[in-house]
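Geometric and topological summary
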Amino acid sequence: MAATQPDATHSESRRDFLRLAALASALAPGVAGRAWAQETPKKGGTLRVGFYIEAATMDPHLSGSKIDRQVYHNIYEPLVVLDANLGIKPGLAESWQQPDPKTLVFKLRRGVKFHDGTDFNAEAVKWNFNRMKTEPKSVRKGETASIDTVDVVDAYTVRLNLKRPDAALLATLTDRAGMMVSPKTAQERGAELERNAKGAGTGPFVFVEWVKDDRLIIRRNDAYWNKQGGPYLEQIRYRPIPDDTVKLQSLQAGEIHVMDYVQPRDVAAVKADKNVVVLDVPSLADFAYQLNHTKPPFDNKALRQAVAYSLDLEQIVKGVWLNVGVPANGPIPPTSWAYDRSIPFIKRDLAKVKAKLAEGGKAGGFAFTMTTNNIPINVQEAEVIQAQLAEAGITMKIKLVDSGTLISDGNGKNFEMISYQWSGRPDPDGNTYQFYKTTAGTSLNWSGISNPQIDALLDKSREVSSQAERKKLFSQLVRILQDELPMIFIVHPIEPKAFSPRVQGYDPIPDGMMRFKDVWLK
Amino acid sequence: VGLLILRRLVATIPVLLLVTAGVFALIHLTPGDPIDAMMAESVDDSVKRELRRDLGLDRPLYLQYATWMGRLLQGDLGRSIRNREPVIENVGRRIKPSLQLAGLAMAISLLVATPIGILSAARRNSTLDRFGTSFALFGICMPNFLIALLLIFLFGVTLRWLPISGYVDPMEELWDGLRSLALPAITLGLALAAVITRTLRSSMLEALSEDYIRTARAKGLSEGAVIRAHALKNALIPVVTVLGLQLGTLIGGAVITEYVFALPGVGRLVVDAVFARDYPLVQGVVLLIAVGFILSNLMVDLLYGWIDPRIRHR
């Protein structure tokens, strides 16, 4: 993918180049796999995984929590899957066709059985989409909104009839919205499926037990349809360890084999530890601040720009993120095919700040409040921003809140500038549409931006199916966003994961999900 | 004694009522909303509206309170919004580790504090006393999380004697269970031991300066007998008070220790519930913690009567 290949002829600073090179090398398919695959994989063993919180539910259609997905990707399977370059590959669907922009036909894999022994087929797919669209507690309604009806063409062919063209739908179906649950188990078990997913999936591991707050255990599926590679591990045991330092120490002491995320502050120390292997997994995330366009001071475009020109993103990424990330030029991360490296991130320019302040009628500077999460890295970032703004003559107060308050302040537009850390979606649509499209009522468009040009671009990006064409549209969008500034973009973080040296065969995918099918223990 | 218990229990009713109103008001006044907290990443207004209606969150606060109280009087604490399980089941799962941790921490603290406190008082201003008071000062000053991390580093990472985090039920696997509780219990026990050492030392000093001690010594009793039979028992009242209050705190409030050691206890439950704005769960757990406090205080009062019969007859 062009977006992930370093381009030495480009006029970027050496440091930028090195950073992108690092990203690209971490992204190159199978780097980790290749380095680890020199030995023959060994069957057996229990992999112990430490998570920062407890899973919320075992029902992928009711799940609103990121951590759940980590488990799902080992017991359930989506129709299509992501590869290391965010390309779409066959999953439970062997192939697909798009005869017209409003029709998507999937040929399903034969011989796949759910863990409860029932067949996976077109009827099951139809049942799953209907469930996502109609089950009262389903949180997949938004993601499946563009699907109008589902037709069973034959036992292994299914046709999705769309209400409108949706170029992002395939990418959406690589995650929970594409995950197939056994109709038999779901119907028999009812609400209990949330706690017990025995028999429900088709994946390389089967659900065994979940003792809340203590352990979640899954076991190898010996009848798994895909006979290439794993699953090798006998068992995977997930455990919540909320404290980052303790989780890291548990890894160093060998109590766990995998930890889902290493804090930037710990990365250097962990990389120096021979008992730990660190993998920099570039993410799809986009960490930014939304500016409230519906009230002063940021209903004034010049003042929004004054703030943007005051910030030194390189300093923030270096000082706060310790280079565990790259400065953001917009909402689309460097891992995406839609990332446009020719668009630089907004550079600090105090002369421009002065001009913009004057243009905005605040030549003497102005004051505003930033709302952000009360967690260490956010507080540090806020303090650095505060200092940088002060140098530019802008006074920023910091309001620290917990995430519950942050979300309700955002939804209620009760803020001037507010932190927004989006985990990201494989298709650029997921990092853009819901944030910038004009919407009434609550949405993730907290800034309240309403711009006909942006709306038209966003809609068009869903209708056009050519990736090259869409990339152009997203580049146009990013340039407008840099000018209109519904958000101040800060960083695309890297999500380092740490492993015991015994763990072999892990292939990172930028969605951050840990798929353990081909992983084995030395 | 039966009458005393009954009277005390009746007296707790207004306290509990106040607790219900207080915790209900506080958690509902906190900005944030359980539905938003649960579905941060997927926004679909109609789904949220439906869920809110389902949970009765769209009704006026006084009605929500009345409904909750109505169910409470029938012994129903409601269901968690987040995991949709009854509050009582959530607490039931979490109370065992908390009680075991509290018990073990108490035992450790008494084992450490009793000898140090007594010897400090008996050999006032000696090297031993200076060691004892320094230990107490150190234990009171050191924050829990720091002790926890130091212990983890020493016993978990460097020496690898004890597991760093996680929980094994000692009632199922005694040895592994005790090992899993060892570090958190020592963390809590040391801090508590410091408090008890100080309390015991000062109340012992007071007791030792009483006339009856001089009399006992004049009778020719050995110093050991004087301390054991005369001073210690009279010095116990403040210690028991401290213990009673601490027991309540340990059961519901060992939040940081539970967090650091990833112990699935009540403290972590309530903090997670607050972050998730899981109203029924927060209300239910706080109410149960209040009940725990009241019961441990009742126990303390009964102990007073046993230690000092004069209190019983008053």
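Heads up: these notes are all about the structure in this document. Not measured: the values here are computed from a predicted model.

Okay, the overall build of chain A next. Counting its secondary structure elements, chain A contains 16 helices and 20 strands. For 522 residues, the compact-globule estimate of 2.2 N^0.38 gives 24 Å, and chain A sits close to it at 23 Å. C-alpha extents for chain A along the principal axes are approximately 70 × 55 × 45 Å. When each of the 522 residues of chain A is scored for burial, the buried share is 61%. Each charge sign in chain A was given a centre, from 67 positive and 61 negative side chains, and these centres are 1 Å apart.

Of the regular secondary structure elements, chain B holds 14 helices and 0 strands. Along its sequence from the N terminus, chain B presents helices and strands in the succession α-α-α-α-α-α-α-α-α-α-α-α-α-α. Taken over the C-alpha atoms alone, chain B extends approximately 85 × 55 × 35 Å along its principal axes. In chain B, buried positions account for 46% of the 314 residues. Considering only residue pairs separated by 6 or more positions, chain B has 71% of its internal contacts joining residues 24 or more positions apart. Accessible area of chain B: about 15800 Å², with a carbon and sulfur share of 67%. Charge-centre separation for chain B: the mean point of 31 positive side chains lies 10 Å from the mean point of 25 negative side chains.

Residues and elements named next belong to chain A. Look at helix α14 (residues 429–436) against helix α15 (residues 452–463): their axes get within 10 Å of each other, and the N-to-C directions meet at 140 degrees. Between α14 and α15, the angle is such that the two are oblique. The chirality of how α14 crosses α15 is left-handed. Contacts from D429, T432, Y433 and Y436 in α14 reach I454, D455, L458, D459, S461 and R462 in α15. Here the residues of the contact of α14 with α15 are counted per class, giving 4 nonpolar, 2 polar and 4 charged.

Taken together, the contact between chain B and chain A spans 40 residues of the former and 39 residues of the latter. Taking both sides of the interface into account, the surface hidden between chain B and chain A amounts to around 3400 Å²; carbon and sulfur atoms contribute 50%. If you look at where chain B meets chain A, you find 2 salt bridges. Residue D402 of chain A is joined to R277 of chain B by a salt bridge in which the shortest nitrogen-to-oxygen separation is 2.8 Å. Linking chain B with chain A are 9 residue pairs in polar contact (both at pLDDT 80 or more). Where the side of chain B that touches chain A is concerned, the elements lending two or more residues are α2 (34–38), α3 (45–55), α5 (87–122), α7 (144–158), α11 (255–260) and α12 (266–275) of chain B. Looking at the side of chain B that touches chain A, the element that brings in the most residues is α7 of chain B, giving 5 residues. Across the side of chain B that touches chain A, the residue classes tally to 20 nonpolar, 6 polar and 14 charged.

Residues and elements named next belong to chain B. Mapping A231 onto the fold places it in helix α10 (residues 223–253). For A231, a relative accessible area of 0% corresponds to the buried category. C-alpha of A231 to C-alpha of I213: the two residues are 18 residues apart in sequence and 7.1 Å apart in space. When residues no more than four places from it in sequence are discounted, the contact partners of A231 are M204, A207, L208, I213 and V226.

As a further point, take the nonpolar core. Generally speaking, nonpolar side chains in soluble globular proteins are found buried as a group. With 62 residues, the main nonpolar core has I152 and M204 of chain B as its most contacted residues. Contributing elements (two or more residues each) for this core: α7 (244–252), α8 (264–271) and β18 (487–499) of chain A together with α5, α7, α8 (174–208), α9 (211–218) and α10 of chain B. In terms of residue count, α8 of chain B provides more of this core than any other element does, 13 residues in total. Within the second largest apolar cluster, 35 residues are counted, among which are Y289, F298, V320 and F345 of chain A.

Right, let's get into the pairing of strand β1 (residues 46–51) of chain A. Residue and element names in this part refer to chain A. Pairing geometry for β1 and strand β10 (residues 235–240), over 6 bridges, is parallel. In the sheet register, T46 faces β10, and the bridge partner there is Q235. When β1 meets strand β11 (residues 258–259), the two strands line up parallel, connected through 2 bridges. Its bridge partner being in β11, V49 is matched across the sheet by V258.

All names here are of chain A. This structure, assessed with the given rule, holds 20 aromatic pairs over all chains. A centroid spacing of 5.3 Å and a plane angle of 45 degrees characterise the contact between Y224 and W225, whose relative ring orientation is tilted. Judged by relative accessible area, W225 falls into the partly exposed class, the value being 22%. Members of the aromatic cluster, connected to one another through ring pairs, are Y420, W422, F435, Y436 and W446. Looking at K347, its charged tip hangs above the ring of F345, at a distance of 4.3 Å from the centre. One residue, R462, lies across the ring of Y433, its end atom 3.4 Å from the ring centre.

All right, on to the sheet that holds strand β6 (residues 147–154) of chain A then. Residue and element names in this part refer to chain A. If you trace the 4 strands from one edge of the open sheet to the other, you get β4-β5-β7-β6, paired in antiparallel fashion. Single-partner strands in this sheet number two, and they are β4 (93–100) and β6. For this sheet, the mean inter-axis angle between neighbouring strands, taken without regard to orientation, is 20 degrees. Direction of pairing for strand β5 (residues 103–108) relative to strand β7 (residues 157–162): antiparallel, over a ladder of 5 bridges. Each bridged residue has a counterpart across the sheet, and for T103 the counterpart in β7 is N161. Most of the contacts of helix α4 (residues 122–134) go to β6, to which it runs at about 170 degrees, and overall it touches β5, β6 and β7.

Our focus in this paragraph is unusual backbone geometry. Residue and element names in this part refer to chain A. Each neighbour pair has its own omega, and for G230 with P231 the value is 10 degrees, a cis peptide bond. Positionally, P231 belongs in the loop between β9 (215–220) and β10. Between P296 and the following residue, P297, the backbone shows a cis peptide bond with an omega angle of 0 degrees. Position of P297 among the secondary structure elements: in the loop between β13 (286–291) and α9 (301–310). Although it is not a glycine, L322 adopts a positive phi angle of roughly 50 degrees. With respect to the helices and strands, L322 occurs in the loop between α10 (313–319) and β14 (325–327).

Cut-offs applied
- Residues numbered from 1 in each chain as written.
- Chains lettered and ligands numbered in written order.
- Predicted model: local features only at pLDDT ≥ 70, side-chain atom pairs only at ≥ 80, totals over all residues.
- Heavy atoms only, no water.
- Helix = DSSP H or I, 4+ residues; strand = E, 2+ residues; numbered from the N terminus.
- Rg over C-alpha atoms; globule rule 2.2 N^0.38 Å.
- Buried < 20%, exposed > 50% of the residue type's maximum accessible area, 1.4 Å probe, protein only.
- Lys, Arg positive; Asp, Glu negative; His and termini not counted.
- Charge placed at Lys NZ, Arg CZ, Asp CG, Glu CD.
- Contact = heavy atoms within 4.5 Å.
- Areas by Shrake-Rupley, 256 points an atom, 1.4 Å probe, with all protein chains shown as cover.
- Axes fitted to C-alpha atoms, helices over the stretch in contact; angles between N-to-C directions.
- Parallel < 35°, antiparallel > 145°, perpendicular 65-115°, else oblique.
- Left-handed = near helix turned anticlockwise from the far one by under 90°.
- Nonpolar A, V, L, I, M, F, W, Y, C, P; charged D, E, K, R; others polar.
- Buried area = accessible area lost by both parts, 1.4 Å probe.
- Salt bridge = Lys/Arg side-chain N within 4 Å of Asp/Glu carboxyl O.
- Polar contact = N/O pair within 3.5 Å; in protein donor to acceptor, adjacent residues only side chain to side chain.
- Core = buried A, V, L, I, M, F, W, Y, C linked by side-chain atoms within 4.5 Å.
- Pairing = 2+ DSSP bridges.
- Phe/Tyr/Trp six-rings, centres within 6.5 Å; stacked < 30°, edge-to-face > 60°.
- Lys NZ or Arg CZ within 6 Å of the ring centre and 35° of its normal.

Such coordinate-based values are descriptive only and should not be taken to indicate function.
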